[in-house]
Structures are given as structure tokens and as C-alpha cells.
Amino acid sequence: MSFRVRVAAAAVLAAALPLSLAACGGGSGGDENKVVIGTKFDQPGLGLKNPDGSMSGFDVDVATYVAEQLGYTPDQIEWKEAPSGQRETLIQNGQVDFIAATYSITDARKEKVSFAGPYLVTGQSLLVRADNSDIVGAESLENNKKLCSVTGSTPAQRIKDKYPGVQLQQYDTYSACVEALKSGAIDAVTTDEVILAGYAAQDPGTFKLVGEPFSEENYGIGLKKDDSELQTKINDAITKMETEGAWAAAFEKNLGPAGIATPEPPAIAK
Ligand code: GLU
């Protein structure tokens, strides 16, 4: 190419550089053309990364709807895995714009992040092997049973607070707990009923849920603390999803196969 063309090309390249750098930055800020959303990658029915790389689940559908209301098409979403114990940090460090990952709204977490929603209410329950007959509720675990839950989760904290006699093992993910349950390394898994129902449905005849839910978990969308502008926009998006019927359709599609009847959506927190 001629000198003049080369100079022009270099100028174009230089002008383009800041943009492409911003695009590599990830997280919030910098790149207007994508949104980074944290979710679970291993929870069928809620947040699952499929073998072909696509994402599915109720949290994924809610987050995708919210992103669309914020002006992002589905292919402008970058999904980032958000394990229970890392969610506050991912938000605080700006590695994600928001998180929809079976994330309970709690006062302790509100000291570090803010929440939109709630968009789903569930409760803590227990999953055991289908042939088990001596675990009927949290109390029966104090009888030398090994229970698995996840580091940094509300169900693990509740067991430590209310059932200190239980042998609790904390893993990084619920899918690891479910594998250990299947192999016999542990006796039960505890977390929210919707999550456990998703694992049970994935492996028919292998597991069963026992007892009544023993907490109330309100799922919210986690975002940077005190970003009330984003919080309001996400609350408006959730409300629109609910009134349009897309919320119920997403619930039925993702959690209906696990045998959970579609409830009324919860009211947004004031
Ligand atoms: N909803 C509970 C929590 O936020 C349990 C599920 C989870 O760990 O994602 O801790």
C-alpha cells in the first residue's frame, strides 16, 4: 500500500484502539455494547450452561428479559459464573453488571450490595437418595448424618446457626454436593427447594425431597450498592415481565418439568 494509505490506516487503527481496549475490559463501565451478567452454570431449571455453550433456566430468562429492557440484545450478554461464595465480591469489584443466581436478599448482603426484586420466593429444603427412609427433616440430621451445602450460602449459615450438631460439609457448588450424594459420600444436600427439585428432575428415580421448607428465601437481582438508578430500572423490568405474562411462561418452561406449580409472582420490595 502507498505511504499515504498506510498513514490513513494507522490513523484509523489508532482511533479504534481505545474502543477495542474498552471492549476487553469486561465488567461494568467502558463498553456500552455488552452487559456482563452473573449466574449459576450448574443449576438445572435456574442457571445452567449447556454442553453446546447456550444458557438456560429461570434466572437466565429473567436476566435476559431485564437486559433487553436495559437495551441489550441476548447476543450482547456475557454470562459469568457466579458461585454462591463469590457473588458480593464479583459485584463489588465491578466484574459483573448484575447477578441473577438464586441470590437471596438478606440484611447481611445488603451491607455490601443492593438488590432489585424479589422475583421469586422459595424455601430451604433437603434432598436425599430415593431409597433413604431415616432422614425426614433437619432434626434427623443431628443423628450423625453428613450434610452438604455451599460455602457462602444462606442454607449453610442457617444449619450452622440452628443445627450446630449436624456434620456440615461445605462445597463450592451444589452440583458437587449432588454428585457426593449420589456416590454415598454424604447423606443429604440442603439448599432452596427449587434448586433441589431441578437436580431431582434431572436424574429421575435417584433422589427425593423430604420435609417441609424451613426458611423463606426471596431471590433478588444483585447490583452495585446504592445504584438506585439501576435498581429502579431492573425493578421496572421485572414488573413488566410479570404483568406481560413472560414471568409465568418462563417459570412454567423452566420449573414446571421439576413438578413445581407456577405461583403468583412476589411483590417488588418497597
Ligand atoms: N438462596 C440461597 C443463597 O443465596 C441459596 C442458593 C445459593 O447458594 O445460590 O445463599
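Details of the structure are given in the entry above.
All figures in this text were calculated on a predicted structure; none of them were measured in a lab.

Focus on the layout of surface pockets
Phase 1: Estimated volume of the second largest pocket: approximately 250 Å³.
Phase 2: Looking at the second largest pocket, it is lined by 15 residues, and the ones nearest its centre are Ala108, Arg109, Ser153, Thr154 and Gln157.
Phase 3: Classifying every residue of the lining of the second largest pocket by side-chain character gives two nonpolar, six polar and seven charged.

Details of the sheet that holds strand β9 (residues 146-150)
Phase 1: Ordered by their spatial adjacency, five strands build an open sheet running β10-β9-β11-β8-β12, and the pairing between neighbours is mixed. For this open sheet the edge positions go to β10 (167-171) and β12 (207-210), each flanked by a neighbour on one side alone. Recorded for the sheet is a direction-independent mean angle of 35° between the axes of neighbouring strands.
Phase 2: Looking at chain direction, strand β8 (residues 124-129) and strand β11 (residues 188-192) are connected through four bridges and run antiparallel. Looking at the pairing, leucine 126 lines up with threonine 190 of β11.
Phase 3: Across the sheet, helix α5 (residues 154-162) is in contact with β8, β9, β10 and β11; its angle to β10 comes to roughly 160°.
Phase 4: Packed onto the sheet, helix α7 (residues 193-202) meets β8, β11 and β12 and runs at close to 130° relative to β11.

Here's the deal with the site of the ligand
Phase 1: Near the ligand lie 17 residues; those nearest to it are Ser84, Thr102, Ser104, Tyr174 and Asp192.
Phase 2: Separating an oxygen atom of the ligand from a side-chain N or O atom of threonine 102 is a distance of 2.7 Å.
Phase 3: In the model, an oxygen atom of the ligand is placed 2.7 Å from a nitrogen or oxygen of the tyrosine 174 side chain.
Phase 4: Protein chains bury 100% of the 280 Å² of accessible surface belonging to the ligand in isolation.
Phase 5: A molecule is said to occupy a pocket when more than half its atoms come within 2 Å of that pocket's grid points, and by this definition the ligand occupies the largest cavity.

So, empty space enclosed by the protein
Phase 1: Inspection of every chain in the model, using the stated rule, returns two cavities of 30 Å³ or more.
Phase 2: Here the largest cavity is characterised by a volume of approximately 60 Å³.
Phase 3: Taken together, 14 residues line the largest cavity, and the ones lying closest to its centre are Arg87, Thr102, Pro155, Tyr174 and Asp192.
Phase 4: When the residues that make up the lining of the largest cavity are grouped by side-chain class, the tally is three nonpolar, six polar and five charged.
Phase 5: Estimated volume of the second largest cavity: approximately 50 Å³.
Phase 6: Lining of the second largest cavity is provided by Lys40, Phe41, Asp42, Gln43, Glu81, Ala82, Pro83, Ser84, Val150, Asp172, Thr173 and Tyr174.

Focus: the environment of alanine 82
Phase 1: In this fold, alanine 82 is placed in the loop between β5 (77-81) and α3 (87-92).
Phase 2: Considered as a pair, alanine 82 and alanine 101 are 19 residues apart in the sequence and their alpha carbons are 7.0 Å apart.
Phase 3: Beyond its immediate sequence surroundings of up to four residues, alanine 82 is in contact with Gly38, Thr39, Lys40, Arg87, Leu90, Ile99 and Ala101.

Looking at the environment of isoleucine 260
Phase 1: Within the secondary structure layout, isoleucine 260 lies in the segment after α9 (246-255).
Phase 2: Sequence separation of isoleucine 260 and glutamate 193 is 67 residues, and the distance between their C-alpha atoms is 9.5 Å.
Phase 3: Once residues lying within four places of it in the same chain are set aside, the contact partners of isoleucine 260 are Val194, Ala197, Phe251 and Leu255.

A look at the packing of aromatic side chains
Phase 1: Counting across every chain of the model gives seven aromatic pairs.
Phase 2: An angle of 70° between the planes, with centres 4.9 Å apart, marks the rings of tyrosine 103 and phenylalanine 115 as edge-to-face. A residue pair is termed long-range when its members are at least 10 positions apart, and tyrosine 103 in the loop between β6 (98-99) and α4 (107-110) and phenylalanine 115 in strand β7 (residues 113-122) qualify at 12 residues.

Details of the sheet that holds β5
Phase 1: The strand order across the open sheet built from five strands is β5-β1-β6-β13-β7, with neighbouring strands paired in mixed fashion. Two strands bound the open sheet, and with one partner strand each, they are β5 and β7.
Phase 2: Pairing analysis gives two bridges linking β6 to strand β13 (residues 217-224), with the strands arranged antiparallel. Residue pairing across strands places phenylalanine 98 opposite leucine 223, the latter belonging to β13.
Phase 3: Contacts between helix α8 (residues 228-244) and the sheet are confined to β6, β7 and β13, with β7 contributing the most and set at about 20° to the helix.

Some remarks on the pattern of salt bridges
Phase 1: The tally for this structure, following the rule as stated, stands at eight salt bridges.
Phase 2: We note a salt bridge from lysine 253 to aspartate 61, for which the minimum N-O separation is 2.9 Å. Taken together, the positions of lysine 253 in helix α9 and aspartate 61 in helix α2 (residues 58-69) put the pair 192 residues apart, joining distant regions of the chain.
Phase 3: Accessibility expressed as a relative area gives 54% for lysine 253, which makes it exposed.
Phase 4: A salt bridge links arginine 158 to glutamate 217; the shortest N-O distance between them is 3.0 Å. Of this pair, arginine 158 sits in helix α5 while glutamate 217 sits in strand β13, and the two are 59 residues apart along the sequence.

Calculation notes
Residues numbered from 1 in each chain as written. Predicted model: local features only at pLDDT ≥ 70, side-chain atom pairs only at ≥ 80, totals over all residues. Heavy atoms only, no water. 1 Å grid on protein atoms, 1.4 Å probe; cavity = no way out; pocket = protein on both sides within 12 Å on 5 of 7 lines; lining within 4 Å. Points joined across faces, edges and corners; volume = space filled by probe spheres on them. Nonpolar A, V, L, I, M, F, W, Y, C, P; charged D, E, K, R; others polar. Pairing = 2+ DSSP bridges. Helix = DSSP H or I, 4+ residues; strand = E, 2+ residues; numbered from the N terminus. Axes fitted to C-alpha atoms, helices over the stretch in contact; angles between N-to-C directions. Contact = heavy atoms within 4.5 Å. Near = heavy atom within 4 Å. Polar contact = N/O pair within 3.5 Å; in protein donor to acceptor, adjacent residues only side chain to side chain. Areas by Shrake-Rupley, 256 points an atom, 1.4 Å probe, with all protein chains shown as cover. Sits in = over half its atoms within 2 Å of the grid points. Phe/Tyr/Trp six-rings, centres within 6.5 Å; stacked < 30°, edge-to-face > 60°. Salt bridge = Lys/Arg side-chain N within 4 Å of Asp/Glu carboxyl O. Buried < 20%, exposed > 50% of the residue type's maximum accessible area, 1.4 Å probe, protein only.

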